[in-house]
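Now for the letters of each chain:
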Amino acid sequence: MPIQRQYSLPDCVLTLDGLSNLTESAAGTRPELSVLTRFECYFAGEKAPLVGGRELLDSLIAATNTCVQGCISGVKSALKADDSKVQLQPAKEGGGFDLRVPAALLFQGTSAFSSTEEGLEKPAVELHLSAVQVFDLMEAVDQLTADQQTLPELQVAIQPRSRRDVMSTQLVLEQSAPIALGAASVAIAAAAVFFIPAPKVQSPPKELQTQPSTGLPVSPATAPPKTGTSAPVLSPTAPPDQSVTPAPTPSALPTTAP
Amino acid sequence: MRLNDMGLQSISLMDTDKTEMQGATAQMDSYAFAGLVDPEMPGQVCPRRTRIQLDWMLLALEALDLNATENIIVGLHELQLQPVIKSRVHLWQLRNTNPLRRFSQRQSLSLTEGKALVVLACYLARRQTSTIRQLLRADEQLKSKNLSAEHHFRLAQYLERFRGHFLSRMNANRTAIAPYKSSEALNDLALSLLGQILFCTGTAGMQRLWSSLFDGEVA
C-alpha cells in the first residue's frame, strides 16, 4: 500500500513516499511506512526539491545532526568530510550554512538540480541555507525520527562527541605552532650565524714559546716533589696524588687534629 | 529518540515534598529529565564550558524578554523544578557557578542541576521561538544589504540589552572576557547565542542542548 508522509515547516518540507509491509492494517489506524521509495527535501526559496532515496535521507539526517551539534556547542568536528555524503557546514563568509549534496545521491532526471547544464554534469548540488532554514530542516528531521509510524528503525544518535573527535585538529594546530616556531627560530639563528665570519686563530709567537725554559718562574704545582725526611704538608699546591690520599704519618697527625 | 521520551510534554506531575529532597530528585530524574543521559564525567559535575554556556544562554534569553526574570520563576513552578532549584537565590547561585562571573561562587554544578537549567532554558526559548526567528531573519537581511543592526529596532534592542547584561555581570579582568570588550564582538556573541537558542526550541532541542554541552568533554 503506497503511503506518503510530509513533515512541513515554514522553510523546509520533507516528503516521504513509501510502502507498508503490513498487508492489512486495522481500520482507523495510521499505517506504518516501512519501505522508502522516494524522498524529497524542499527548501523555501529554492526552485526545486532535492529528490533521492534512502541514502539521501540517511546522509542528510547525519549531516544535519553533526552540523547542529557543532553549532550549539561551538566545537568543530575533527572528522574529515566525506565527499560521497551530504555535507552541511557553517559558511566560511557571510553567515548561514552551505549544503552540499553529491549528485550520486540524487535521482537522475527527477530533480531540477540533477539535470545537466550545457552538457556538463555537476558533481554535487550546492545550496546556501540560512540559520532558520537549517533549524526547520533539523525540526523536520526530529519530527520524522520521532514518528514511530514512519521508518521506525530510523534513529538519530544525539550524544556528545568524544574528546578524540574534536581535539585532534586542535592538537595538531596547537602542537604544530610551537614546533614551527622552534624550527623557524633555529633556521633564522643558523642563517644569522652563517654570515658571521669565523674568528682566526692566532698562534702565539715563537719567542714566547721558548722563553719559559729560561725566565718564567716554575709554579709549585708543576715543580718536582721535594725529596726529604720531613713529613708531607697538606696544601692545595701539593701534587694530585699526594693531596687526594695523603699518607698518614705520625708527625702529620697533630696538624690535622682540632 | 521517540516522541514520548522528549520535550516538556514528558514532564509529569509529581510529589514535591521538600522533606524528601533526594527522593524527589530521583523521581525528577525519571520523569522531567527523561532522555537526558548522564555523560561519563569525572565527579559527575558539569565542566567549565558547560557552566559558561548555560549561563550565557540564559543571559541571552533574559535580553530577549524583559519579563524573563519573572518567567524563570514561573517556569520553575510549571516545570516542577523546585526540588532541584529551590528558590530565586539558589538559581542565582547556580548561575554564578560560571567562572567568568563577577561574583563567581567557585562551586561545582552537578549534572542534575545542569539538567534543570537545560530544561529551564529550553522552556524559555520555546516561548520566544517566533521572536528568535524574526531577529535572525532580520540579521540576515541587514547583512545582505550591508546595514548595521541599528537599522532594526528589536534587534538593536536585544543587542543593547545583552551587552548591558554581559558587561554588568561578567568579570572584565578574566582573560576569557578580554575578546568581548568591543561592542562588535559582543554583538557577534549575542547573535551566535541567538542561533544556538533557536536550535534548542525544537522537538529534540533539550537533548541536543544537553549533549552539545559535553561535546569534546567525554572520553
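For every chain, the first residue of the written sequence is number 1, and numbering continues from 1 along that sequence. Starting at A for chains and at 1 for ligands, labels are handed out in the order in which the entities are written. Totals for whole chains, interfaces and linings use every residue, but because this is a predicted model, local features are given only for residues with pLDDT of at least 70 and side-chain atom pairs only at 80 or more, for both listing and counting. Where side-chain values are given, they derive from all heavy atoms of the structure, hydrogens and water being excluded.

A. Region of the structure containing the sheet that holds strand β7 (residues 124–129) of chain A. Residues and elements named next belong to chain A. In this scheme, strands are said to pair when DSSP sees at least two bridges between them. Each helix corresponds to a stretch of at least 4 residues labelled H or I by DSSP, and each strand to a stretch of at least 2 residues labelled E; elements are numbered beginning at the N terminus. Strand order in the open sheet formed by 3 strands is β5-β6-β7, and the pairing between neighbours is antiparallel. The strands lining the two open edges of the sheet, one partner per strand, are β5 (87–90) and β7. Strand-to-strand, the axes of this sheet are offset by a mean angle of 15 degrees, without reference to chain direction. Where helix α1 (residues 54–73) meets the sheet, it contacts β5 and β6 (97–102), and its direction lies at approximately 20 degrees from that of β5. Helix axes are fitted to C-alpha atoms over the stretch in contact, other axes to C-alpha atoms as well, and angles between N-to-C directions run from 0 to 180 degrees. Any two residues whose heavy atoms approach within 4.5 Å at even a single point are treated as in contact.

B. Fine view of the sheet that holds strand β3 (residues 35–43) of chain A. Residue and element names in this part refer to chain A. Read from one edge of the open sheet, 4 strands run β1-β2-β3-β4, paired in antiparallel fashion. The sheet terminates laterally at β1 (2–9) and β4 (50–52), the two strands that pair on one side only. Across this sheet, the average inter-strand angle for adjacent strands is 10 degrees, counted without regard to direction. Where strand β2 (residues 12–19) meets β3, 8 bridges bridge the pair, whose relative direction is antiparallel. Each bridged residue has a counterpart across the sheet, and for Leu 19 the counterpart in β3 is Val 35. Against the sheet, α1 makes contact with β2, β3 and β4, and its axis sits at roughly 55 degrees relative to β3, the strand it touches most.

C. Up close: a nonpolar patch on the surface. Grouping into patches uses exposed residues only, defined as over 30% relative accessible area, and leaves out salt-bridged ones; the cut-off is 9 Å for like charges and 5 Å for nonpolar side chains (Val, Leu, Ile, Met, Phe, Trp, Tyr). The accessible surface values rely on the Shrake-Rupley method and a 1.4 Å probe; as for residues, cover is taken only from the protein chains in view. Every case where a carboxyl oxygen of Asp or Glu lies within 4 Å of a side-chain nitrogen of Lys or Arg is listed as a salt bridge. Together, Val 89, Trp 92 and Phe 103 of chain B make up an exposed nonpolar region whose accessible area comes to about 350 Å². Residue placement: Val 89 of chain B occurs in helix α4 (residues 88–95).

D. Just unusual backbone geometry, in detail. With a phi close to 45 degrees, Leu 151 of chain A is a non-glycine residue in the positive phi region. Tracing the chain through its elements places Leu 151 of chain A in the loop between α2 (131–146) and α3 (163–195). Positive phi outside glycine occurs at Gln 80 of chain B, with the angle close to 55 degrees. Secondary-structure assignment places Gln 80 of chain B in the loop between α3 (68–78) and α4. Burial classes: relative accessible area under 20% of the type maximum marks a residue as buried, over 50% as exposed, and values in between as partly exposed (1.4 Å probe, protein chains only). Note on Gln 80 of chain B: relative accessible area 17%, which makes it buried.

E. Spatial organisation of the packing of α3 of chain B against helix α5 (residues 111–127) of chain B. Residue and element names in this part refer to chain B. α5 packs onto α3 with a crossing angle of 115 degrees between their chain directions and a minimal axis gap of 10 Å. In the crossing of α3 with α5, the sense of the turn from one axis to the other is right-handed. Residue-level inspection shows Asn 71, Ile 72, Val 74, Gly 75, Leu 76 and Glu 78 of α3 in contact with α5, the latter providing Leu 120, Tyr 123, Leu 124 and Arg 127. Here the contact of α3 with α5 is composed, by residue class, of 6 nonpolar, 2 polar and 2 charged. Here a crossing is taken to be left-handed if its near helix is turned anticlockwise relative to the far helix by less than a right angle, and right-handed if that turn runs clockwise. Gly counts as polar in this scheme, as do all residues outside two lists: the nonpolar Ala, Val, Leu, Ile, Met, Phe, Trp, Tyr, Cys and Pro, and the charged Asp, Glu, Lys and Arg.

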